[in-house]
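Residues per chain are reported as follows:
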Amino acid sequence: MSSKNLILRRIREALGGEPAAVDVPRDYRRGPAPVDLDLLVERLVDYKAVVHRTSDIPGTIRGIVGSGTVVAPPGLPAEWVPSGSVRDDDLSAADIAAADGVVTAAAVAIAETGTIVLDASPDQGRRILSLLPDLHICVLHPDQVVATVPEAVARLSPGRPLTWISGPSATSDIELNRVEGVHGPRNLHIVLVEEEAAA
Amino acid sequence: MSTHSPRGVGHLRGDQPFPEAAKVALANPQLRRNLQHATTTIRGKSGRVIAELPDWQELRAAGSALKAYTMGNLPRLLEQLEEKVTAAGGVVHWAADANEANRIVTDLVHQTGETRVIKVKSMATQEIGLNEALEAAGITPVETDLAELIVQLGKDKPSHILVPAIHRNRSEIREIFLREMPGVDPELTDEPTELAAAARRYLRETFLSTKVAVSGANFAIAETGTLAVVESEGNGRMCLTLPDTLITVMGIEKLVPAWTDLEVFLQLLPRASTGERMNPYTSMWTGVTPGDGPQNFHLVLLDNGRTAVLADEVGRSALHCIRCSACLNVCPVYERTGGHAYGSVYPGPIGAVLSPQLTGIKDNPSLPYASSLCGACFDACPVMIDIPSILVHLRNQAPHPRTEKAVMAAAAYTMDRPRLYARAQKAARLSKLLGKRGRGLPPPLHGWAASRDLPEPPPETFRDWWRGR
């Protein structure tokens, strides 16, 4: 007997009889709830992300990057890409790691938890892009922000590779306190676009 | 037909019974200070972020029901997962026990021609002793989680589900790094940020040059074939993104029925686990994505005694565990003994119910007694596993010696009868027989007394005081 059949037989014998009928109570908040952008900013800052609220996206990005070199996903709007940047066209890991930073868009953000989610769309790029450089600049529009986790799950497509990011890389492994800065980007900047620019 | 996890492989059985192992731990004041500091910190953090959610109890109820539904429908959901992962370009393997899982992973690594793998922290691969199996086959496993790295470099054993090096404080970690980490800066201090930076430098090149990774999984969604790994440091993202080949080993109980159900567990896990609103990084992937991440994906579904747990109607809810480790952090026994005393990769209250069921009670008979039944674990569990009830249930399968049962029955009889009890109290007060705090009990009761202190008999019983008032 194959191990698959063996395991399935063991399970059926362990359970005995019919599949269990279990009602799942969904009395928790599932939304939609009003979005509080100030709460998002507060939660992002609490986990050591730097937040820029602005209507000048290119200028803000240039200010953060300074003279550093950044990589950009193929679909990032051209006006956001600082001069001297490298577009990802199947760049090697070493090339990406050598960049000072990366600029991406986002798919969804969650105010209550201070989380941004990337779904590898063309303006966010391959997962490796936002992983190796030490600086990640993420441009976020207010209409991408939801209040709670259930609303974010509802907006996302599980068929895409997803990366949920809440603050810069951190660890709780030393005496169970949060310390920022391990393997992922140690600097996370969120450019939160003010309403008038988004319109 | 229930089959437990086989002997001679993996890390579910200790070398000595819990009371003996605990004695060693209790004699180590540094260990107790480290544990007390860490568990106090995490309890405070977790309590604060849980209090922010108005619907924590509703989320717990949903999480509990979702897990019960999953267990009740496991065959259908597992086959659905296999179908979805396969359709998305992954390959699914089934492993009846630790030996088979180790063989599958070792063969897969051999097929790539590589001799080194990077690993994301995974309880399942610790449980089956995968690192030892890989090393025996000439493959070097590199643990990339900071705490796992500390344990691996220190030639130590993990002592906590979430933070395997919880028993080490910052200065001990510094010493391990200075001693064992090639190329480390000799000026390294014990500042946590510096220690983290040292790990970053040490592992960077390994991440970039290793072609095979091994991971566990926090969740697998049957409906979509999506896998999720929840982490903090980014080492998980490295392992899940950079290599050509990814091998994920997952217990069959890690399933979640539908994509939507993640909305419950992604709220429960980080707040109960690290005490964060959300952990820094969560990666989700479905099979293979062309041009992004590993192009070869293997999923190994592991039984290794889980179906034996499932066969016990009372004990099966131990399989609902999402490995948050909240029950360890609130347990008065764990806080004093630490994780090594439990002898299994699953320590603390959840380990005391899970390990004996995975191995069969004969191989872990002392663990159901490693608890005061105070119930803090039940309150802290984000999926409401009634750990105290399972402990009592398992104690009935591994009863204490008959003499002790007789004494307990006599004590219960006496306490039920006021006059007898009053006389017994007097006797205790007068008696010199017990010696210092009961340690001098005659055989066969001296064994019972070895790990318990009798309270000093008061100079006057409450009854005497009441009468003479």
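Under an unreviewed UniProt entry, the name given to chain B is Lactate utilization protein, and the organism recorded is Paractinoplanes bogorensis.

Named according to an unreviewed UniProt entry, chain A is LUD domain-containing protein originating from Paractinoplanes bogorensis.

Novice: So what's going on with the overall build of chain B? Residues and values would help.
Specialist: Secondary structure summary: chain B contains 22 helices and ten strands in total. Here the C-alpha radius of gyration of chain B, 25 Å, is about what a compact globule of 469 residues would show, namely 23 Å. Taken along its principal axes, the extent of the C-alpha atoms in chain B is 85 × 55 × 45 Å. Within chain B, buried positions represent 51% of all 469 residues. Taking contacts inside chain B between residues at least 6 apart in sequence as the whole, the part at least 24 apart equals 77%.

Novice: Describe the overall build of chain A, listing the residues and the values that go with them.
Specialist: Helix and strand content of chain A: six helices and twelve strands. Principal axes of the C-alpha set define a box for chain A whose edges measure 65 × 40 × 40 Å. Across the 199 residues in chain A, those meeting the buried criterion constitute 51%. Of the contacts formed within chain A by residues at least 6 apart in sequence, a portion of 70% connects residues at least 24 apart.

Novice: Tell me about the UniProt feature "domain: LUD" (unreviewed entry) in chain A, and please be specific about residues and values.
Specialist: On the UniProt side, "domain: LUD" (unreviewed entry) is annotated at positions that read residues 96-193 of chain A here. Regarding residues 96-193 of chain A, the helix share stands at 10% and the strand share at 35%, and the terminal C-alpha atoms are separated by 26 Å.

Novice: Give me the lowdown on the sheet that holds strand S4 (residues 101-104) of chain A, citing residues and values where you can.
Specialist: All names here are of chain A. Read across the open sheet, the six strands follow the order S1-S12-S7-S4-S2-S3; overall the sheet is parallel. Lying at the two open borders of the sheet, with one neighbouring strand each, are strand S1 (50-54) and strand S3 (86-87). Those strands touched by helix H3 (residues 57-65) are S1, strand S2 (70-72), S4, strand S7 (135-140) and strand S12 (187-193), and its axis lies near 165° from that of S12.

Novice: Hey, could you go over the sheet that holds strand S8 (residues 145-146) of chain A for me, with residue numbers and the actual values?
Specialist: If you trace the eight strands from one edge of the open sheet to the other, you get S8(A)-S5(A)-S6(A)-S9(A)-S9(B)-S6(B)-S5(B)-S8(B), paired in mixed fashion. Here the strands that pair on one side only, and so sit at the sheet edges, are S8 of chain A together with strand S8 (255-256) of chain B. For strand S6 (residues 226-231) of chain B and strand S9 (residues 281-286) of chain B, the ladder comprises six bridges, and the chain directions are antiparallel. Bridging from a neighbouring strand, Val230(B) pairs with Thr282(B) of S9(B).

Novice: Now, about the UniProt feature "domain: LUD" (unreviewed entry) in chain B: what can you tell me, with residues and values included?
Specialist: Those places that UniProt annotates as "domain: LUD" (unreviewed entry) correspond, in this numbering, to residues 78-288 of chain B. End C-alpha to end C-alpha, residues 78-288 of chain B measures 19 Å, and it is 44% helix and 19% strand.

Novice: Explain the interface of chain B and chain A to me, and be specific about the residues and the numbers.
Specialist: Counting from both sides, the interface comprises 79 residues of chain B and, opposite them, 59 residues of chain A. Here four bridges tie strand S9 (residues 162-165) of chain A to S9(B), and the two strands are oriented antiparallel to one another. Its bridge partner lying in S9(B), Ile165(A) is registered against Tyr281(B).

Novice: How would you summarise the nonpolar core if you had to cite specific residues and measurements?
Specialist: In terms of nonpolar packing, the biggest core is built from 190 residues, with Ala106(A), Leu140(A), Val191(A), Val300(B), Leu302(B) and Cys327(B) touching the most fellow members. Ranked by residues supplied to this core, first place goes to helix H12 (residues 262-273) of chain B with seven residues. When near neighbours in sequence (up to four residues on either side) are disregarded, Ala106(A) contacts Ile116(A), Val117(A), Leu118(A), Gln124(A), Cys138(A), Leu140(A) and Gln144(A).

Novice: Got a sec to walk through the packing of helix H16 (residues 348-359) of chain B against helix H18 (residues 387-395) of chain B? Specific residues and values, please.
Specialist: Residues and elements named next belong to chain B. Interaxial distance between H16 and H18 falls to 10 Å at its minimum, and their mutual angle equals 40°. Accordingly, the angle class assigned to the pair H16 and H18 is oblique. H16 and H18 meet at a crossing whose hand is left-handed. On H18, the residues touching Pro349, Ile350, Ala352, Val353 and Pro356 of H16 are Ile387, Ile390, Leu391 and Leu394. Along the lines of polarity and charge, the residues of the contact of H16 with H18 split into nine nonpolar, no polar and no charged.

Novice: Tell me what's going on with helix H3 (residues 56-72) of chain B, and back it up with residues and numbers.
Specialist: All names here are of chain B. The end-to-end C-alpha separation of H3 is 24 Å, in line with the 24 Å expected for 17 residues at 1.5 Å each. Three or more residues of H3 are buried, namely Leu59, Arg60, Ala62, Gly63, Ser64, Leu66, Lys67, Ala68, Tyr69, Thr70 and Met71. Next to the buried residues of H3 lie helix H4 (74-87), S8, H12 and helix H13 (306-310).

Novice: Please give an account of the environment of Ala99(A) that cites residues and values.
Specialist: Residue and element names in this part refer to chain A. Positionally, alanine 99 belongs in the loop between helix H4 (93-98) and S4. Taking the C-alpha atoms as reference points, alanine 99 and leucine 132, separated by 33 residues in sequence, lie 8.3 Å from one another. Setting aside chain neighbours within four positions, we find alanine 99 in contact with Thr69, Val70, Val71, Val86 and Pro133.

Novice: Before we move on, can you summarise the environment of Ser283(B) with the specific residues and values?
Specialist: Along the polypeptide, Ser283(B) turns up in strand S9. Looking at Ser283(B), the number of C-beta atoms within 10 Å reads 25, which means it is buried. In this structure Ser283(B) touches Thr163(A), Val229(B), Gly236(B), Arg237(B) and Leu240(B), once residues within four positions along its chain are discounted.

Novice: Account for the packing of helix H9 (residues 170-180) of chain B against helix H10 (residues 192-209) of chain B, naming residues and giving values.
Specialist: Residue and element names in this part refer to chain B. Packing of H9 against H10 leaves a shortest axis separation of 10 Å and a crossing angle of 30°. Comparing the axis directions of H9 and H10 gives the class roughly parallel. Considering the relative orientation of H9 and H10, their crossing is left-handed. Between H9 and H10, the residues in contact are Arg170, Ile173, Arg174 and Phe177 and Pro192, Leu195 and Ala198, respectively. Among the residues forming the contact of H9 with H10, the class breakdown is five nonpolar, no polar and two charged.

Novice: Would you mind going over unusual backbone geometry in detail, with residue names and values included?
Specialist: The omega torsion of the bond from Gly31(A) to Pro32(A) falls at 0°, within 30 degrees of zero and hence cis. Take Pro32(A): it is sitting in the loop between helix H1 (3-15) and helix H2 (37-46). Positive phi, normally seen in glycine, also occurs at Lys48(A), with a value near 70°. For Lys48(A), the location among the structural elements is in the loop between H2 and S1. Residues other than glycine seldom take positive phi values, yet Arg323(B) does so here, at roughly 60°. As for its position among the elements, Arg323(B) is in the loop between H13 and helix H14 (326-330). Note on Arg323(B): 18 C-beta atoms within 10 Å, which makes it partly exposed.

About the criteria used
Residues numbered from 1 in each chain as written. Chains lettered and ligands numbered in written order. Predicted model: local features only at pLDDT ≥ 70, side-chain atom pairs only at ≥ 80, totals over all residues. Helix = DSSP H or I, 4+ residues; strand = E, 2+ residues; numbered from the N terminus. Rg over C-alpha atoms; globule rule 2.2 N^0.38 Å. Buried ≥ 20, exposed ≤ 12 C-beta atoms within 10 Å, placed from the backbone. Contact = placed C-beta atoms within 7 Å. UniProt positions renumbered as here; feature names shortened; annotations may be inferred. Pairing = 2+ DSSP bridges. Axes fitted to C-alpha atoms, helices over the stretch in contact; angles between N-to-C directions. Core = buried A, V, L, I, M, F, W, Y, C linked by C-beta atoms within 7 Å. Parallel < 35°, antiparallel > 145°, perpendicular 65-115°, else oblique. Left-handed = near helix turned anticlockwise from the far one by under 90°. Nonpolar A, V, L, I, M, F, W, Y, C, P; charged D, E, K, R; others polar. Expected span 1.5 Å × (residues − 1).

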